[in-house]
Amino acid sequence: MCCSGFDVRELATLLDGRWADVRKQVRDTLDGVPLPPADGLDTESHRAQTLEQLRLLAKSGITDLGFPVAYGGRGDTGGSVVSLEMLPGNLSLMVKAGVQWGLFGGAVVALGTERHHERYLRDIMSLDLPGCFAMTETGHGSDVQNLRTTATYDPAAQEFVVHTPHEAARKEYIGNAARDGRLAVVFAQLITGGESHGVHALLVPIRDEAGQPAPGVRIEDCGRKAGLNGVDNGRLYFDQVRVPREALLNRYGDVEADGTYRSPISSKGKRFFTMLGTLIRGRISVAGTAGGATKLALEIALRYGDARRQFERPGTGEEAVVLDYLAHQRKLLPALAKTFALHFAQEELVATLHDAPTGEREQRELESRAAGLKAVTTWHATQTIQTCREACGGAGYLAENQLAQLKADTDVFTTFEGDNTVLLQLVAKGLLTNYQDQFGDLGTLGMAKFVADQFVGAVIERTATRSLVQRIIDGSGKDDILDRGWQLKMFDDRERHVLDGLGRRLRKANRDNAFEVFNNAQDHVLRAAQVHVDRIVLETFVAAIERCRDRRTAALLNKLCDLYVLSNIEADRAWFLEHERISPRRSKAITEAVNVLCGQIRPHAVDLVAAFGIPRQWLTAPIATGAEADRQDAQRAHDAR
């Protein structure tokens, strides 16, 4: 099917998706709001600029999207996540916005009750009350369940005493803490009557309105970072800080005046996971923003590659356009195809979050999907932005061309809102039969105890699009690498095989060797999660193509999907060959097909990436805005004279 002359507007509409109105609002709003990224600013100036920009963002109304209507918000959880994706050109602003309205405000909404909502939400939305999300500790980053900060209830005073018992329990890398935050959502072990009831969240003042630290609170500045220096990350210590009983965010656990603890969820583990599950919006936002940064980097590199000329093309008297070289296409176009695939996977994930799963199992599957996509999307951003920098040569290293800053600002995405390696382990655990119904430790020891006590098999999580996928597989009788049914079967079969193998390895565990068995299988655990996410991403891509109404646009998307699949198989050819899923001849055919697809997609590359609709104010790189083409035209005119 020919894909020439595809409808860019149709593709843009498909990409804007369910929240097209939000994307349009952000584009229109940003068009008139001065939100430039930092340009050679020192740390303090950068932080001051970012705070002022945050105030402008608050006035725009965009930041009200995710808050309850009853308190002046618009009740659009999905829209609030999508709006952050539209800020890739100023990631310090995005992260600071995410801390204020996503993490801090989101925690008050999700974990608090009416008394907290009524008192705080309007001021949080307007930025009259800047705040922090104080979860991570120096000694416990990923292991949230074992945080060491304590909140001990004193019934005589009807107060909680929040305390940092030792250096490793300090709150670390807390956004908004070093300079601007006044109130913090602090996660601590709740103790009453001498008994610990697990991690809960409390609202703790850290500064007064004059900006001075609150009594008993010590604040340190984390200092200058590799990127995101407009965000004031700090450390928090609490020395017997007293807060009223009402400071407890008590949706899932409360303490009565006499110290009696009550919770609608009896299991401590289940209560912890339920509380944590309400906070996944931040993780999903990081994935979306990483995707936005990747799109911006690709647009810069592809526009430059489409204008930059190097080495004479024989017989023409002209230098060849860099993007016409297959090696250059192979750098950028498979990355573009994967970016499309991840865009559609993110869209489905945001829709699931917005529609609020009603069942326990559905909520756990959402958490698993969010963990997997966050890991894969942020790693893809790190790799792709570096590739784009290299594809632009020395020009890509210049600060004015944005790629260096994008690289620095997104680098931490792979380890905040969940370390990617830990998140993939979480995904794999959710794929093991019965584990998704347990509420034990997230850590290796908890998993080891589980596999020692259970018969461990594997399950394949099915997406909302599974009926469509199964129809394509069932209707496919072709053994052709460009046949969608064959491709879907390859991804499905790989996942099944890897999961079954993992189950067999873990069944060797007993009470004595469980830790060693699981620890020795961690490479297999991560592998299982990776191929699971690959399969889910492919299925959402296929479903998106089905929604495309224009025949020529769908044809081009099919080629992008082919490129996503075949470049994935090519990169993993060792597994497919070792397990006899493909022959050496077919392996060579896949490489040839990737080359052909790159050539077919190349004429449309710039239009494809532009269809994502990144707000134009973020595209400032001279190499991407026509300046490079003008320079080369001037050079050619000079040479002709």
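Up top you'll find the structure we're talking about.
Described below are features of the structure shown in this document.

**Overview of the overall build of the protein**
Of regular secondary structure, the protein possesses 22 helices and 13 strands. In summary, the protein has a C-alpha radius of gyration of 26 Å against a globular reference of 26 Å for 641 residues, a match within 12%. The dimensions of the protein, computed from C-alpha atoms along their principal axes, are 90 × 60 × 40 Å. Here the protein holds 641 residues, and the buried ones make up 58% of them. Considering only contacts within the protein whose residues lie at least 6 apart along the sequence, 75% involve residues at least 24 apart. Put simply, the protein shows about 25500 Å² of open surface, and 49% of that area lies on carbon and sulfur atoms. Seen as two clouds, the 78 positive and the 84 negative side-chain charges of the protein have centres 3 Å apart.

**Digging into the side chain of Thr149**
The topology assignment puts Thr149 in the loop between strand 1 (131–134) and strand 2 (150–154). In this structure Thr149 comes out as buried when scored by relative accessible area, which is 0%. Separated by 2.6 Å, the side chains of Thr149 and Glu137 make a polar contact. A distance of 3.1 Å separates the side chain of Thr149 from the backbone oxygen of Ala169, its partner in a polar contact. Apart from residues lying up to four places away in sequence, Thr149 is in contact with Glu137, Val162, His163, Pro165, Ala169, Lys171, Val186, Phe187, Ala188 and Gln189.

**With respect to helix 18 (residues 551–571)**
Taking 1.5 Å as the rise per residue, helix 18 with 21 residues should run 30 Å; its terminal C-alpha atoms sit 30 Å apart, in good agreement. Counting buried residues along helix 18, 17 of its 21 residues qualify, which places the element largely inside the surrounding structure. The N-terminus of helix 18 is capped by Asp550, whose side-chain oxygen sits 3.3 Å from the backbone nitrogen of Arg552.

**Here we look at the side chain of His140**
Looking at where His140 falls in the secondary structure, it is placed in the loop between strand 1 and strand 2. Of the residues examined, His140 reaches a relative accessible area of 15% and is grouped as buried. In this structure His140 touches Asn146, Leu147 and Arg148, once residues within four positions along its chain are discounted.

**Observations regarding the packing of helix 5 (residues 91–111) against helix 8 (residues 281–307)**
Taken N-terminus to C-terminus, the directions of helix 5 and helix 8 make an angle of 165°; their axes are 10 Å apart at the nearest point. The angle between helix 5 and helix 8 places the two elements in the roughly antiparallel class. Between helix 5 and helix 8 lies a crossing of right-handed hand. Residues Leu91, Met94, Trp101, Gly102, Leu103 and Gly106 of helix 5 form the contact with helix 8, whose participating residues are Arg281, Gly282, Ser285, Thr289 and Ala293. Classifying every residue of the contact of helix 5 with helix 8 by side-chain character gives five nonpolar, five polar and one charged.

**Section: the nonpolar core**
Formed by 174 residues in total, the largest nonpolar core has its most connected members in Phe187, Leu302, Phe340, Phe541 and Leu566. It is helix 9 (residues 326–354) that provides the largest number of residues to this core, a total of 14 residues. Core analysis: the second largest hydrophobic core is formed by 25 residues, Tyr153, Ile174, Val241 and Tyr261 among them.

**Details of the packing of aromatic side chains**
As enumerated under the stated definition, the model contains eight aromatic pairs in all. With a centroid separation of 6.3 Å and an interplanar angle of 55°, the aromatic rings of Phe491 and Tyr564 are classed as tilted. Within this pair, whereas Phe491 is found in helix 15 (residues 484–506), its partner Tyr564 is found in helix 18, the two being separated by 73 residues in sequence. For the pair Phe491 and Tyr564, one class covers both residues: buried. Arranged with centres 5.1 Å apart and planes meeting at 85°, the rings of Trp575 and Phe576 form a pair that is edge-to-face. When its relative accessible area of 8% is taken as the criterion, Trp575 is described as buried. Sitting over the ring of Tyr237, Arg218 keeps its end group 3.7 Å from the ring centre. Sitting over the face of the ring of Phe273, Arg364 holds its NZ or CZ atom 5.0 Å from the ring centroid.

**Brief notes about the sheet that holds strand 8 (residues 234–238)**
Across a sheet, paired strands are connected by hydrogen bonds in the backbone, their directions being either parallel or antiparallel. Strand order in this open sheet of three strands is 4-8-7, and the pairing throughout is antiparallel. Edge positions in the sheet fall to strand 4 (171–174) and strand 7 (217–221), since each of these pairs with one other strand and no more. Sheet twist, expressed as the mean angle between neighbouring strand axes with direction ignored, is 25°. The pairing of strand 4 with strand 8 spans two bridges and is antiparallel. Directly across from Ile174, in strand 8, lies its bridge partner Gly234.

**A closer look at the pattern of salt bridges**
Per the counting criterion, the structure on display carries 43 salt bridges. For Asp180, the salt bridge identified is with Arg179, shortest N-O distance 2.7 Å. For Arg179, a relative accessible area of 27% puts it in the partly exposed group. Close ionic contact of Glu539 with Arg535 constitutes a salt bridge, the shortest N to O distance being 3.3 Å. Note that Glu539 and Arg535 are positioned in helix 17 (residues 522–547) at a spacing of four residues, about one turn of the helix. Across the pair, Arg535 and Glu539 agree in class, each one buried.

**Looking at helix 7 (residues 268–277)**
Regarding helix 7, the residues found buried are Gly269, Arg271, Phe272, Phe273, Met275 and Gly277. Looking at the buried residues of helix 7, the elements they touch are helix 5, strand 6 (195–205), strand 11 (261–262) and helix 10 (360–391). For helix 7, the N-terminal capping position is held by Ser267, with its side-chain oxygen 3.4 Å away from the main-chain nitrogen of Gly269.

**Digging into the pairing of strand 1**
The two faces of strand 1 match: Gly131 and Phe133 on one face and Cys132 and Ala134 on the other face are all buried. Of the strand pairs in this sheet, strand 1 and strand 5 (residues 183–192) are connected by four bridges, and their pairing is parallel. Across the sheet, the residue bridging to Cys132 is Ala184, located in strand 5.

**A closer look at the environment of Lys407**
Along the chain, the position of Lys407 falls in helix 11 (residues 403–410). Residues Lys407 and Leu468, 61 residues apart in the sequence, show an inter-C-alpha distance of 38 Å. When neighbours within four sequence positions are excluded, Lys407 is seen to be in contact with Ile385 and Gln386.

**Some points on the state of the cysteines**
With the rule as written, the count across this model stands at zero disulfides. Lacking any disulfide linkage, Cys392 is separated from the closest cysteine sulfur, that of Cys388, by 6.7 Å. Cys392 gets classed as buried once you look at its relative accessible area, which sits at 3%.

Calculation notes
Along each chain, residue indices are assigned from 1 in the same order as the chain's sequence is written. Where local features are concerned, this predicted model is filtered to residues with pLDDT of at least 70; where side-chain atom pairs are given and counted, the filter is 80 or more; whole-chain, interface and lining totals use all residues. Values shown for side chains rest on all heavy atoms present in the structure; no hydrogens or waters enter the calculation. Numbered from the N terminus, helices here are DSSP runs of H or I no shorter than four residues, and strands are runs of E no shorter than two. Put simply, the radius of gyration uses C-alpha atoms, and a globule should come to 2.2 Å times the residue count raised to 0.38. Relative accessibility decides the category of a residue: with a 1.4 Å probe and only protein chains considered, values under 20% of the type maximum give buried, values over 50% give exposed, and everything between is partly exposed. Here, two residues are considered to be in contact whenever any of their heavy atoms come within 4.5 Å of each other. Using the Shrake-Rupley algorithm and a 1.4 Å probe, accessible areas are obtained, with residue cover drawn only from the displayed protein chains. When charges are counted, neither His nor the chain ends are considered; positive counts come from Lys and Arg and negative counts from Asp and Glu. The atoms used to mark charge sites are NZ of Lys, CZ of Arg, CG of Asp and CD of Glu. Here a polar contact is recorded for every N or O atom pair within 3.5 Å, except that within protein the pair must consist of a potential hydrogen donor and a potential acceptor, and residues adjacent in sequence are included only if both atoms are side-chain atoms. By definition here, a helix of n residues has an expected span of 1.5 Å times n minus one. Working convention: axes come from line fits to C-alpha atoms, limited for helices to the stretch in contact. Angles between N-to-C directions cover 0 to 180 degrees. For this classification, under 35 degrees means roughly parallel, over 145 means roughly antiparallel, 65 to 115 means roughly perpendicular, and everything else is oblique. Two helices cross in a left-handed way if the nearer one is turned anticlockwise from the farther one by less than a right angle. They cross in a right-handed way if the turn is clockwise. Side-chain classes are defined by residue name, with Ala, Val, Leu, Ile, Met, Phe, Trp, Tyr, Cys and Pro counting as nonpolar, Asp, Glu, Lys and Arg as charged, and the others, Gly among them, as polar. Residues belong to a common nonpolar core when they are buried Ala, Val, Leu, Ile, Met, Phe, Trp, Tyr or Cys residues joined through side-chain atoms within 4.5 Å. For this analysis, a ring pair means two rings from Phe, Tyr or Trp (six-membered ring only for Trp) whose centres lie within 6.5 Å, classed as stacked if their planes differ by under 30 degrees, edge-to-face if by over 60, and tilted for the remaining angles. Whether a charge sits over a ring comes down to the Lys NZ or Arg CZ being within 6 Å of the ring centre and within 35 degrees of the ring normal. Pairing between strands is defined by DSSP: at least two bridges between them are needed. When a carboxyl oxygen of Asp or Glu lies within 4 Å of a side-chain nitrogen of Lys or Arg, that pair is called a salt bridge. By definition, disulfides here are pairs of cysteine sulfur atoms that lie within 2.5 Å.

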